[in-house]
Structure formats: structure tokens, C-alpha cells
Amino acid sequence: MSETRDPRPRRRRLLRAAVGMLVLLAVIGYFAVQHDSNGGGGAPFCVASADPVGGEETSETYEMSPEQAANAATIAAVGVAKGLPDRAVTIALATAMQESALRNLDHGDRDSLGLFQQRPSMGWGTPAQITDPVYSAGIFYDHLVDVPGYSRLPLTVAAQKVQRSGFPQAYAKHEPDATVLTAAFAGGGTLNCGGPAPTGPGDPEEVRADLIRIFGKDGTHTMSAQGGQAGRNTGGGQVALEAEVTLTEKKNGGEDATRRSRAMAHWAVANSKAMGISRVSYGRHGWIAGKDRGRWQDKGGTGTKDGAKDPHHAGPGEVRIFMAR
């Protein structure tokens, strides 16, 4: 006759396994909430989508770091500032994705540098120029538009005629993601950026100077850097005005002005971490650093029924960029 086994060790093992599973699920849930809420200490992240601002993410998306988002936003903004079509922006973004993974590299093959791995020895500019994202994007576009019929060529062919790469077919695999980025920064899509709010103060003059470098003396907008009408309570009933940069479309600016406004608003969101930007308002929507899961919200992001009563509300044709304190 066989001996009857004591069931208690098995029960203890099952209990330990159940407790372990509950702990694992709790940890997973905690980090999911941190990623989703953006108000905690989760790592910053940005998600580009072809869906419109305020809409649900139903199309393809592309997730990246704030550094990559800021560089992609600059590449797209330079193309928009030059009045180039979306196809040119997509070619530029796909090229930078292949060459540097959207990082402003200080090294590369031989003397290659920057987002596009351009070489000083091949006449692309000085090392300081090539590692300036505004300059490197601008000179890429200048060479691209010299390619006859570039907008009708396969992307990898158009990029190769500019880059002269040893791997000419490598650009093609980035076209789908570059198309999503183009929609987010230059078209009707959206960029959402989550993570903690900036901890340091932002400088409105720095933001204004960078926008002027990218868009030049923009004939479609007026621009100001100032203390705005929005404020925050500092205690004792006192309200301090928030520093902001306001861009306003001029009359009869048309679709070109609207396209620039979208590019400016999403450029500000992409650069929020690096430049201390706490809030962006554009059209009927607002984005607030560290809140609302990094997504654009209606009515300046406050949820008020009447957007006009929101001190952060953007009027028609306005982009308002607020600085952290």
C-alpha cells in the first residue's frame, strides 16, 4: 500500500504562487497608471498620430522620446516654413529616422554628424552648423528641391539622390512611420506628450527666438513674448501673470497660416520638456504638461463649459505657449 502524501506542502505552494501573481499584477497596474496619468514619475514619452487633435487614436501611431519628438518637430516645422508639401516633409523625416533615429548625433561614419549624418568634408557645412537641427533640416530641403520631380519619385530614390548613401534601399522601411509623423506635425494629425511637468522655469524669449529661427519673419503671424492675461494664485489673493508667447494669424492668411499654426503648436508640445513649456492652447483645445495623460483636451484643457472664460483659452487663429515657473 502506498503512503498518503501530506497535502499541506502543495497547498502552501499554491498559496505562494497566488500571492506572487497578485503582487505581479499590482506592480504592472501601478506602472500602467503612472504611464497613463503623466502626473507621476513615469518616463516622458510622445505619441504621434494621424488622428485630429481631440480625437481618439484609431489610426497608426508612432511612439518616441521627447528628444526624438523635438527633432522630428523641428524637421517638419522647417519644411512647413519653407512652404514645402507634405511629401517633402515625409522624405526628410524618413531620412533622419534611418540616418540617426531622430537623434542629433555628434559622431558617425567618417566625419558624418547630426540628424542627417551630413559630412563637413563633403560641403554640407561646419560641424557646428550640421549639428544645428534647424540648419541641417534646411540644407537637406534645399538639396531635395533641386531633385527634378522629387515628389513623384519613390521615397528611397528621392532620399538617395540627396544623401548618396551606401545603403540606398534603407530609407523605404521608414516611410509608414514618417507619414504618421508628417500628419502629426504638418497635417491634420496630433502629437501627445506625457510625463512629469517641467521642473524648471521656461524662458519666453528663448521660445520666441527659436520660432523666429525656424519660421523667419513670418508674414502670416504676429508674435509676442510677454506676461499674458492668464495667471496663477500665489496665495494671499495675489495672482501672478504667466509668461507666454502668443502667435496670431493675420487676416487672409489662408491654409498656409493654419498649417503653420498647427506646426507651431505641436513644435511647442514636442519641446515642452527641454524648454520648460507648461501649457499650449490652440483652437478649441489645450495641452497641459503632466496632466490628462499627455493628451490635448477641449477648452484650453480646463474642461470649462465656456472656453472664452478660460484664461488660457486661445482665440481663433491663436497659438498660446505658456512657460513653467
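Along each chain, the written sequence defines residue order, and numbers are assigned to residues from 1. The predicted nature of this model means local features are confined to residues of pLDDT at least 70 and side-chain atom pairs, given and counted, to a pLDDT of 80 or more, with totals for whole chains, interfaces and linings taken over all residues. Calculation of side-chain values draws on the structure's entire complement of heavy atoms; hydrogens and water are dropped beforehand.

Caption draft 1: Structural context of the packing of aromatic side chains. What counts as a ring pair is set by centres within 6.5 Å for rings of Phe, Tyr and Trp (its six-membered ring), and what kind of pair is set by the plane angle: stacked under 30 degrees, edge-to-face over 60, tilted for all other angles. Across all of its chains, the model carries two aromatic pairs by this definition. For the pair Phe-116 and Phe-140, a centre-to-centre distance of 4.8 Å together with 15° between the ring planes defines the contact as stacked. Residue Phe-116 is located in the loop between helix H3 (86-100) and helix H4 (127-130), and its partner Phe-140 is located in helix H5 (residues 133-144); the two are separated by 24 residues in the primary sequence. Buried, partly exposed and exposed residues are distinguished by accessible area as a fraction of the type maximum, computed with a 1.4 Å probe on protein chains only: under 20%, between the cut-offs, and over 50%, respectively. Judged by relative accessible area, which is 0%, Phe-140 ranks as buried. A ring pair is formed by Phe-140 and Tyr-141, whose centres lie 6.2 Å apart and whose planes are at 75°; its orientation type is edge-to-face. Under the relative-accessibility criterion, Tyr-141 is labelled buried at 0%. A network of ring pairs unites the aromatic residues Phe-116, Phe-140 and Tyr-141 as a single cluster. Per the convention used, a helix needs a DSSP run of H or I reaching at least four residues, while a strand needs a run of E reaching at least two, with both numbered from the N terminus.

Caption draft 2: A look at unusual backbone geometry. In this structure, Ala-101 is a non-glycine residue whose phi angle is positive, near 55°. Structurally, Ala-101 is set in the loop between H3 and H4. Backbone geometry at Leu-102 places phi at a positive 60°, although glycine is not the residue there. As for its position among the elements, Leu-102 is in the loop between H3 and H4.

Caption draft 3: Fine view of the side chain of Asn-71. Mapped onto the fold, Asn-71 is located in helix H2 (residues 66-81). Accessibility expressed as a relative area gives 8% for Asn-71, which makes it buried. For Asn-71, the contacting residues outside a window of four places in its chain are Leu-102, Arg-103, Asn-104, Leu-115 and Pro-133. Every residue pair with non-hydrogen atoms within 4.5 Å of one another is taken to be in contact.

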